[in-house]
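Structure assessment
Spelled out from the first residue to the last, the chains are:
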Amino acid sequence: MSAAGGEQPGRLLCRLADIPDPGSRGFELESGAIFLVRRGAVLAAYVNSCPHTGGPLDWVEDQFLDLERRRILCATHGALFRLEDGHCLAGPCKGKGLAPVAITVTEGEVRLAPTKP
Ligand code: FES
């Protein structure tokens, strides 16, 4: 449902069609770097900070997936994470997880979920 004036609540990140399927895209926000991952019905966003060292996961712009594009890959030491929930399956931070970012998709637009007052 639209907010007053036809504007959707929450900051616009991009259009869903702007993210390859499967694929990923990074964003630099005032609050820090985040990224979106998409594969089939899965669309998720995470803070771009590896639980191993806290550094960014990508070393090529917008590339956050492994070669098979089935897992999120940290390019620094090769940790692999599930797309669905950011859980680390392998690597030096196995068992830890990426910090999720709440998003919404409305009318083909991907937005940060509005923060509650
Ligand atoms: S910084 Fe990500 S695996 Fe080491």
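The preceding data block contains the structure.
These lines cover the structure that appears in this document, whether it is placed above or below. Note that the structure is predicted; figures quoted are calculated from it, not measured. (Residues numbered from 1 in each chain as written. Predicted model: local features only at pLDDT ≥ 70, side-chain atom pairs only at ≥ 80, totals over all residues.)

1. Looking at the sheet that holds strand 9 (residues 103-106)
Taking strand neighbours across the sheet as the criterion, the three strands line up as 1-10-9 in an open arrangement whose pairing is antiparallel. One side of each edge strand has no neighbouring strand; the edge strands of this open sheet are strand 1 (12-15) and strand 9. Averaged over all pairs of adjacent strands, the angle between strand axes in this sheet comes to 25 degrees, irrespective of strand direction. As paired elements, strand 1 and strand 10 (residues 109-112) share three bridges and run antiparallel to each other. What sits directly across from Leu 12, in strand 10, is Arg 111. (Pairing = 2+ DSSP bridges. Helix = DSSP H or I, 4+ residues; strand = E, 2+ residues; numbered from the N terminus. Axes fitted to C-alpha atoms, helices over the stretch in contact; angles between N-to-C directions.)

2. A few points about the sheet that holds strand 3 (residues 32-39)
Across the sheet, which stays open at both edges, the four strands sit in the order 2-3-4-8 with antiparallel pairing between neighbours. Across the chains shown, the open sheet's two edge strands, defined by having one partner strand only, are strand 2 (23-29) and strand 8 (100-101). Two strands pair when backbone bridges link them, and strand 3 and strand 4 (residues 42-47) are joined in this way by six bridges, in the antiparallel orientation. Each residue of the ladder has a partner; that of Ile 34, found in strand 4, is Val 47.

3. Some words on the pairing of strand 4
Hairpin geometry of strand 3 and strand 4 is characterised by an intervening segment of two residues between the two adjacent antiparallel strands and by a positive phi of about 60 degrees at Gly 40. With two bridges connecting them, strand 4 and strand 8 associate as antiparallel partners. Across the sheet, the residue bridging to Ala 45 is Val 101, located in strand 8.

4. Looking at the environment of Leu 80
Summarising the element assignment, Leu 80 is placed in strand 6 (residues 80-81). Leu 80 sits in the partly exposed class, given 17 other C-beta atoms within 10 Å. A C-alpha to C-alpha distance of 8.2 Å links Leu 80 and Lys 94, two positions 14 residues apart in sequence. Discounting chain neighbours no more than four positions away, the residues touching Leu 80 are Asp 66, Arg 71, Leu 73, Leu 89, Ala 90 and Gly 91. (Buried ≥ 20, exposed ≤ 12 C-beta atoms within 10 Å, placed from the backbone. Contact = placed C-beta atoms within 7 Å.)

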